[in-house]
Every structure is written in C-alpha cells, then in structure tokens.
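# Structural overview for review
The residues making up each chain are set out below.
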Amino acid sequence: LPLCFPQKLWKMLESDQFQSIWWSEGGKCVAINKDLFKVEVLGRGVRQRVFNTRHITSILRQLNLYGFTKMQRDFQRSASLPEFLAEEAAASAHSQILYYYNPSFNRAHPWLLGMCKRR
C-alpha cells in the first residue's frame, strides 16, 4: 500500500537523507527550509521522488488538508540599532523556514499519526 501524506512526511523527518526538513520545537513542529526543499525534494534531478509534485504550494496545501497550521515565529526586538539590524538579518534568513504544527503529529507520540486524517 502506498503511504499517505503524513506517513511520507514522518519518514522524511526520521530519515537522515533530507537537510531541508526537520523536527522543531522538541518534536512538536515540522520545520521546512522552503528553498532547499524545492531543490532537494521537489527538484528535477531528484532520483527518488517522495511526492508526486514539483510545486511547494501543493505540499503546503497537503499540510493544510491534514490539519497542520502554520506557526509564526515571534522575535523579540532589541532597542539598540546595531542589535536590531543584526536581528533583522537573522530574521530574514529565518523567513525561508516554515513551521507547521498538528497536535496529532508529534515525534514523541508516533501512535497519534493514525489520527492525522484528511479533512
């Protein structure tokens, strides 16, 4: 039987084969480096295709269909200008990273994976 989307995602996260997707927030969130994911997982030269698409928007749509919600990263801003500029540079590099959360998708509780149903 082919794996459903959440199962494929879980296998990717547990594999050391992918640098563009990882567990975040202690295994409670999925972190995706958008640009690297496009090349590493969805790109033309990929030998073993995980998903039947080459578009990041299709992956994001699947995440939404399976009940994942996009998490916003809150950055505390400093009052001093040099610190603020350094934080802005870090935040813009960080903006390529997307965070998604689903209460039934938790590294510490793999048995909840079966509760990730398509809406």
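By the naming in an unreviewed UniProt entry, the protein is HSFY1 protein, taken from Origma solitaria. Taken verbatim from the UniProt record of the protein, the Sequence similarities (unreviewed entry) comment is "Belongs to the HSF family." According to the UniProt record, the Subcellular location (unreviewed entry) comment for the protein reads "Nucleus".

Turning to the environment of Ile-97, a few remarks are in order. The residue Ile-97 is located in strand β4 (residues 97-101) in this model. Separated by 65 residues in the primary sequence, Ile-97 and Ile-32 place their C-alpha atoms 5.3 Å from one another. In this view, Ile-97 contacts Trp-22, Ala-31, Ile-32 and Asn-33; residues no more than four positions away in its chain are not counted.

Attention shifts here to the packing of aromatic side chains. Summed over all chains, the structure comprises six aromatic pairs. On the basis of an interplanar angle of 35 degrees and a centroid distance of 5.4 Å, the ring pair of Phe-5 and Phe-51 is categorised as tilted. Of this pair, Phe-5 sits in helix α1 (residues 5-14) while Phe-51 sits in the loop between α2 (34-40) and α3 (56-65), placing them 46 residues apart in sequence. Of the residues examined, Phe-5 reaches a relative accessible area of 7% and is grouped as buried. Pairing Phe-68 with Phe-105 gives two aromatic rings, centres 5.1 Å apart and planes at 65 degrees, and the pair type is edge-to-face. Here the residue Phe-68 occupies a position in the loop between α3 and β3 (69-71), and Phe-105 occupies one in the segment after β4, the gap between them amounting to 37 residues. For Phe-68, a relative accessible area of 1% gives the class buried. We classify Phe-105 as buried; its relative accessible area is 1%.

Note on placement: Trp-22 falls in strand β1 (residues 21-24). Given the relative accessible area of 30%, Trp-22 is considered partly exposed. Ignoring any residue separated from it by four or fewer positions in sequence, one finds Trp-22 in contact with Leu-13, Cys-29, Val-30, Ala-31, Asn-33 and Ile-97.

So, about the state of the cysteines. What the rule picks out here adds up to zero disulfides. Free of any disulfide, Cys-4 has its nearest cysteine sulfur in Cys-116, 8.1 Å distant.

This next bit is on the nonpolar core. For soluble globular proteins, the rule of thumb is that nonpolar side chains tend to be buried together. Formed by 25 residues in total, the largest nonpolar core has its most connected members in Leu-9, Ile-21, Val-30, Phe-37, Leu-63, Phe-68 and Phe-105. Considering every element that reaches this core, the biggest residue donor is α1, with five residues. Leaving out residues up to four positions away in the same chain, Ile-21 has contacts with Leu-9, Met-12, Leu-13, Val-30, Ala-31, Ile-32 and Phe-37.

Basis of the calculations
Sequence order as written defines the numbering, with residues in each chain counted from 1. Selection of residues for local features in this predicted model requires a pLDDT of at least 70, selection of side-chain atom pairs for listing and counting requires 80 or more, and totals for whole chains, interfaces and linings are taken over all residues. Hydrogens and water are ignored here; the side-chain numbers use all heavy atoms of the structure. UniProt positions are given in the numbering used here, feature names are shortened, and annotations may be inferred rather than shown by experiment. Helix and strand assignments follow DSSP, with helices taken as H or I runs no shorter than four residues and strands as E runs no shorter than two, numbered in order from the N terminus. Residues are treated as being in contact if the distance between any of their heavy atoms lies within 4.5 Å. Only centres within 6.5 Å qualify two rings of Phe, Tyr or Trp (six-membered ring in Trp) as a pair; their planes then separate them into stacked at under 30 degrees, edge-to-face at over 60, and tilted for everything else. Summary of the burial criterion: residues with accessible area below 20% of their type's maximum are buried, those above 50% are exposed, and those between are partly exposed, where the area comes from a 1.4 Å probe applied to protein chains only. Put simply, a disulfide is two cysteine sulfurs that come within 2.5 Å. We define the nonpolar core as a collection of buried residues of types Ala, Val, Leu, Ile, Met, Phe, Trp, Tyr and Cys that are connected through side-chain atoms lying within 4.5 Å of one another.

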